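Each chain, written out:
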Amino acid sequence: MKAIDFFCGGGGMTCGLRQAGIDVVAGVDFDIDAKETYEANNDGAKFVHADITKLPLNYFEKNLDIRRNDDDLILVGCSPCQFYSIIRSSKEKSKASKDLLLQFQKFIEYYNPGYVLVENVPGIITNKETVLYDFLTFLEEHGYGAANSRTCKYKVINMKDYGIPQSRRRFSLIATRLDREVNLPQKDEHIRTVRDAIGDDHRFAPIEAGHRDENKRRNHSTINMSPLNLERISRTPHDGGSRLAWSRDRRLQLNCYKGKDKSFCDVYGRIHWDLPSPTITTKFLSISNGRFGHPEQDRGLSVREGATLQSFPMGYVFKTESLGTAAKLIGNAVPPRYARKLGEIILEVNDG
């Protein structure tokens, strides 16, 4: 089986599908920062740097020998989701990405693949401006079945239930136009924790804030912190402590949080060892953007720790000198371990 990964970013979905045994022919993304990382880790998959709204529908047919009406073709669409996210962001700035699912829909209509995969934030179901229900209607009208029928399944899942050491709620959909029943992956029995993922000192040696790993393939590197933030993290109790530990200290308390002890309690907090981590966002390197303090060490998470909590293999290299760019590629990714489960489901269905 073969796949095209739209909105591929740094390649989390591609990595997982390839682990399952699916030939990912190409990844498409408008972000040029993703190109080198995507191609360095996914040999044979072509990175197509393109705006999907301007990409000719026949591009893959002409350039990559992709056939229309191919039962063994999977089209994957994990479109940018800032507009539907509950994370505070400018909805005006993200509005341009709101309808990208419908742009992806045009390629489904043109190629008529055997399978369609979609992953997005839960808000794509509940947002009053969502295009999801138009997309589901399109799938039904084009032979992929009614929503949550035998051939089209979707629901909101939490990645922590599928072997990812992270609490990350996502919308997940599999549909086929073939006469075969599809299902989403079964939950794992064991919930993996932060300790399971990054608690081994041999793999993740203790480091300080601002450490730059000389081994760029490993990239166990962290951003620097101001003296005041270093003092804040040092005063935050280990293993899940919060900023409330120093909220009465006038010098350490931030003006924006005064009188708000019951709001934004995760910000400046430490991750718990024996729970899944919070959602790894594009800002996970900074303790001021969430509960991203290391459970014990006085620093934020490293690039490699964030990647591991996202289930990227240790050998997955983020080809950039910028820690912020690496964090963006990691935080925006579909966790490869979950992507592999999706790929395995499709292979089972196709074989059956």
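Everything quoted here is computed from the prediction, not taken from an experiment. Per chain, residue numbering runs from 1 following the sequence as it is written. Under the rules for a predicted model, residues below a pLDDT of 70 receive no local features and side-chain atom pairs below 80 are neither given nor counted, while totals for whole chains, interfaces and linings still include all residues. Note that the side-chain values use all heavy atoms of the structure and ignore hydrogens as well as water.

Chemist: Before we move on, can you summarise the overall build of the chain with the specific residues and values?
Modeler: Numbering goes from the N terminus for both helices and strands, where a helix is a DSSP run of H or I of at least four residues and a strand is a run of E of at least two. Regarding its fold elements, the chain presents twelve helices and seven strands. Referenced to the eigenvectors of the C-alpha coordinate spread, the extents of the chain come out at roughly 65 × 45 × 40 Å. The buried share among the 352 residues of the chain stands at 55%. Throughout, a residue-residue contact means that at least one pair of heavy atoms, one from each residue, lies within 4.5 Å. Taking the contacts inside the chain whose residues are at least 6 apart along the sequence as the reference set, 64% of them involve residues at least 24 apart. Accessible surface computed for the chain: about 15900 Å², of which carbon and sulfur atoms make up 46%. Each charge class in the chain can be summarised by its mean position, and for the 51 positive and 46 negative side chains these summaries are 6 Å apart. Remark: exposure states derive from per-residue accessible area (1.4 Å probe, protein chains only) relative to the maximum for the residue type, with buried under 20%, exposed over 50%, and partly exposed in between. All accessibility values rest on the Shrake-Rupley procedure with a 1.4 Å probe; residue burial counts only the protein chains present in the view. Charged residues are defined narrowly, with Lys and Arg counted positive, Asp and Glu counted negative, and His plus the chain ends left uncounted. Every charge is mapped to an atom, namely NZ of Lys, CZ of Arg, CG of Asp or CD of Glu.

Chemist: How would you summarise the pattern of salt bridges if you had to cite specific residues and measurements?
Modeler: Put simply, a salt bridge is a Lys or Arg side-chain nitrogen that is within 4 Å of an Asp or Glu carboxyl oxygen. Under the defined criterion, the tally for this structure stands at 21 salt bridges. D161 serves as the salt-bridge partner of K187, at 3.9 Å between the closest nitrogen and oxygen. Taken together, the residues K187 in the loop between β7 (169-176) and α8 (194-198) and D161 in the loop between β6 (152-158) and β7 connect sequence positions 26 residues apart. Judged by its relative accessible area of 53%, K187 falls in the exposed class. Assessed through its relative accessible area of 17%, D161 is described here as buried. The shortest N-O distance in the salt bridge between R299 and E305 comes to 2.9 Å.

Chemist: Give a detailed account of the packing of helix α5 (residues 100-111) against helix α7 (residues 132-141), specifying residues and quantitative values.
Modeler: The interhelical angle for the contact between α5 and α7, taken along N-to-C directions, is 10°, at an axis separation of 10 Å. Classified by the interaxial angle, the pair formed by α5 and α7 is roughly parallel. Judged by residue contacts, L101, L102, F104, Q105, I108 and E109 of α5 engage L132, D134, F135 and F138 from α7. The convention used is that axes are lines fitted to C-alpha atoms, helices contributing only their stretch in contact, and that angles between N-to-C directions extend from 0 to 180 degrees. Angles are sorted into four bins: roughly parallel if under 35 degrees, roughly antiparallel if over 145, roughly perpendicular if 65 to 115, and oblique for all others.

Chemist: Residues and numbers for the sheet that holds strand β2 (residues 23-29), please.
Modeler: The pairing criterion is simple: DSSP has to find at least two bridges between the two strands. The strand order across the open sheet formed by seven strands is β3-β2-β1-β4-β5-β7-β6, and the pairing between neighbours is mixed. Only two strands of the sheet have a single partner each, and these edge strands are β3 (46-49) and β6. Along the sheet, successive strands turn relative to each other by an average axial angle of 15°, direction set aside. Relative to β2, strand β1 (residues 2-6) runs parallel, the two sharing five bridges. In the sheet register, I4 faces β2, and the bridge partner there is A26.

Chemist: I'd love a proper account of the pairing of strand β4 (residues 73-77), names of residues and values included.
Modeler: In terms of burial, β4 is a largely internal element, five of the five residues being buried. Where burial is concerned, the two faces of β4 agree: the one with L73, L75 and G77 and the one with I74 and V76 are both buried. In this sheet, β4 lies alongside β1 in parallel orientation, the contact comprising five bridges. Paired with D5 across the two strands is V76, which belongs to β4. By the bridge criterion, four bridges tie β4 to strand β5 (residues 115-120) in an arrangement that is parallel. The residue bridging L75 from the neighbouring strand is V116, located in β5.

Chemist: Tell me about the layout of surface pockets, residues and numbers included.
Modeler: Where empty space is left becomes clear once a probe the size of a water molecule has been rolled over the atoms. For each structure, a 1 Å grid was placed over the protein atoms alone; sets of points admitting a 1.4 Å probe that cannot get out are labelled cavities, open sets with protein on both sides within 12 Å along at least five of seven lines are labelled pockets, and lining residues have an atom within 4 Å of a point. Grid points are joined across faces, edges and corners, and a volume is the space filled by probe spheres set on the points. Here the second largest pocket is characterised by a volume of approximately 220 Å³. Around the second largest pocket sit 13 residues that line it, and K216, N219, F318, T320 and E321 are the ones nearest its centre. Residues of the lining of the second largest pocket, tallied by class, amount to three nonpolar, four polar and six charged. When residues are sorted by character, Ala, Val, Leu, Ile, Met, Phe, Trp, Tyr, Cys and Pro go into the nonpolar class, Asp, Glu, Lys and Arg into the charged class, and all the rest, Gly among them, into the polar class.

Chemist: Before we move on, could you go through the environment of P278 and cite the residues and values that matter?
Modeler: Its place among the elements puts P278 in the loop between α9 (227-234) and α10 (303-309). We classify P278 as partly exposed; its relative accessible area is 24%. Here the alpha-carbon distance between P278 and R291, two residues 13 residues apart in the chain, equals 6.9 Å. If we skip the residues at most four places from it in the chain, P278 touches Q166, S167, I271 and R291.

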